[in-house]
Amino acid sequence: MTIRFEENVSTENAQLVCQWSNSLGKSFQEQWMGPKIPFPLTIQVLQDLEGIFTIFDGQEFVGLIQKIRQEYSNIHIGRFFINPQKQGQGLGSQALRKFVSLAFENEDIDTISLNVFEANQRAQNLYQKEGFEIVKTIEAPDRKYIMKKGR
């Protein structure tokens, strides 16, 4: 596995993400995109996102991750999605580990945070395995956790 990132998402790769996400339904899309993004997901919505990175395994496009915002010494990431056909092969772990490592190359960054819905146990397990810890619980409308990892 040779994980690498490129900024932005091409039309062709955005089309694939829309197919993957839309085939899994509205509730799935809300878990990874948030409730403010209308279903079904469109190419335009993906291409309008700032801070989006495409994830490649060698030359093969396998997913997305987004640097949502930087606040002081924290980067908040999200919208992390690996091709459903490729899940369970360690790509998510490798991609997250490498993205976190690259973020920490910036000396001004001390922590990385993300949100995860309580119901998304698979993602929660991945984040915990990679050293993220729950620092806050938000109850409404669906319970979700804010998780954080330090250097």
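You'll find the structure just up there.
Please read all numbers here as calculations on a predicted model, not as lab measurements.

Engineer: Is there a simple way to think about the packing of aromatic side chains in this case?
Structural biologist: Pairs of aromatic rings are described using the distance from one ring centre to the other and the angle between the two planes. A full pass over the atoms with the stated rule returns eight aromatic pairs. Ring geometry for F5 versus F99: centroids 5.2 Å apart, planes at 65°, classification edge-to-face. A residue pair is termed long-range when its members are at least 10 positions apart, and F5 in strand 1 (residues 3–7) and F99 in helix 4 (residues 91–104) qualify at 94 residues. You can call F5 buried: its relative accessible area is 18%. When the ring of F28 is compared with that of F81, the centres are 5.3 Å apart and the planes differ by 50°; the resulting orientation is tilted. A residue pair is termed long-range when its members are at least 10 positions apart, and F28 in helix 2 (residues 26–33) and F81 in strand 4 (residues 74–82) qualify at 53 residues. Relative accessible area serves as the criterion here: at 23%, F28 is assigned to the partly exposed category. Through successive ring pairs, a cluster of aromatic residues spans W20, F28, W32, F56, F61 and F81. For the cation-ring pair, R4 lies above F56, with the distance from its terminal atom to the ring centre recorded as 4.4 Å.

Analysis parameters
Residues numbered from 1 in each chain as written. Predicted model: local features only at pLDDT ≥ 70, side-chain atom pairs only at ≥ 80, totals over all residues. Heavy atoms only, no water. Phe/Tyr/Trp six-rings, centres within 6.5 Å; stacked < 30°, edge-to-face > 60°. Helix = DSSP H or I, 4+ residues; strand = E, 2+ residues; numbered from the N terminus. Buried < 20%, exposed > 50% of the residue type's maximum accessible area, 1.4 Å probe, protein only. Lys NZ or Arg CZ within 6 Å of the ring centre and 35° of its normal.

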